[in-house]
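Structural features, examined
Now for the letters of each chain:
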Amino acid sequence: MRFDILTLFPDMFSSPFRESIIGRAIEKGLIEVRTINIRDFALDKHRVVDDTPYGGGQGMVMKVEPIARAIEWVKSQNPSAWTVHLTPQGKPFNQELASSLSSRPHLILLCGRYEGVDERVRELFVDEEISIGDYVLTGGELAAMVLIDVVARLLPGVLGSDRSAAEDSFFNSLLEYPQYTRPLDFRGKCVPEVLLSGNHAAIALWRRKEALRRTLTRRPDLLARANLSEEDRRLMEEILQERETDKGGDGA
Ligand code: ADE
């Protein structure tokens, strides 16, 4: 899969994509990440990429022509590349959206700066607008990094053969169960005994129950979308009963 990042700050991307899983995915040729400096597509000798807003007001607006020329340059290489604008006004990014993007062979990620981007960019060139959360970043660059990280790890081979994105939080609308490693006892906090039992069925059941408990406590909104089995419902009953008992105990 190919990612072409349109940005005024290509250097921001050099270190994050050299490291760890994404760095290895690039080395192995599983993904290609290219940064394209929008300034290289400016029309004038001063390479101006922004201007004051029509109608007045604070700040600068990114001009349409350099962005148009940069997108058209990429599209001349691959007309079917899918163009995403990272903006707080976009569709909220989540695992489902990441999964649908991961089936596209080529993404163009447009990173805005300043007070915004000329509206005609959206009208003429953008296929999809995406926000990574309800807050305002100084630009789309960090959002593009987040998007690439999340999408790339869904691609075959990126996580390695022994790991799978299928076990992730959100994959089946539940948060993940708690994990432990050595030591067995840290300052009196012990690893749950079932995890030492070697009983795989009991461990799987405990993990499912803890995933349900965690989701119920932290993100009850996710449960509404989760596909719960009969056994899950039984575990939920147990969790709710345990909560009642705990409440009674605390209050006594
Ligand atoms: N650019 C600025 N803030 C952003 C956000 N929350 N998501 C995506 N792009 C952005």
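Just above, that's the structure.
Cut-offs and rules
Residues numbered from 1 in each chain as written. Predicted model: local features only at pLDDT ≥ 70, side-chain atom pairs only at ≥ 80, totals over all residues. Heavy atoms only, no water. Helix = DSSP H or I, 4+ residues; strand = E, 2+ residues; numbered from the N terminus. Rg over C-alpha atoms; globule rule 2.2 N^0.38 Å. Buried < 20%, exposed > 50% of the residue type's maximum accessible area, 1.4 Å probe, protein only. Contact = heavy atoms within 4.5 Å. Areas by Shrake-Rupley, 256 points an atom, 1.4 Å probe, with all protein chains shown as cover. Lys, Arg positive; Asp, Glu negative; His and termini not counted. Charge placed at Lys NZ, Arg CZ, Asp CG, Glu CD. Salt bridge = Lys/Arg side-chain N within 4 Å of Asp/Glu carboxyl O.

**Digging into the overall build of the protein**
A count of helices and strands for the protein gives 8 helices and 9 strands. For the protein, the C-alpha radius of gyration of 24 Å lies well beyond 18 Å, the compact-globule estimate for 252 residues. On the principal axes, the C-alpha backbone points of the protein span a range of 75 × 45 × 40 Å. Within the protein, buried positions represent 38% of all 252 residues. For the protein, contacts bridging at least 24 residues in sequence account for 75% of all contacts bridging at least 6. Accessible surface for the protein amounts to roughly 15,300 Å². Of this, 50% is attributable to carbon and sulfur atoms. Of the side-chain charges in the protein, 33 are positive and 39 negative, and the distance between the mean point of each set is 3 Å.

**A closer look at the environment of Asp149**
Mapped onto the elements of the fold, Asp149 is located in helix α5 (residues 141-152). Once the C-alpha coordinates of Asp149 and Ala98 are considered, the two residues, 51 residues apart in sequence, prove to be 9.7 Å apart.

**Points about the pattern of salt bridges**
Pairing is possible between side chains of opposite charge, provided their charged atoms come close. Taken as a whole, this structure holds 18 salt bridges when the rule is applied. The partner of Arg34 in a salt bridge is Asp4, with the nearest N and O atoms 2.6 Å apart. Highlighted residues: Arg34 in strand β2 (residues 32-37) and Asp4 in strand β1 (residues 2-7), separated in sequence by 30 residues. Using a relative accessible area of 21% as the deciding quantity, one classes Arg34 as partly exposed. What makes Asp4 buried here is its relative accessible area of 0%. Residue Arg113 pairs with Glu141 through a salt bridge whose shortest N-O separation is 3.0 Å. Placement of Arg113 in the loop between β6 (106-111) and α4 (119-125) and of Glu141 in helix α5 is noted, with a sequence separation of 28 residues between them.

**As for the side chain of Asp232**
Note on placement: Asp232 falls in helix α8 (residues 230-251). Those residues in contact with Asp232, other than ones at most four positions away along the chain, are Arg208, Leu212 and Asn227.

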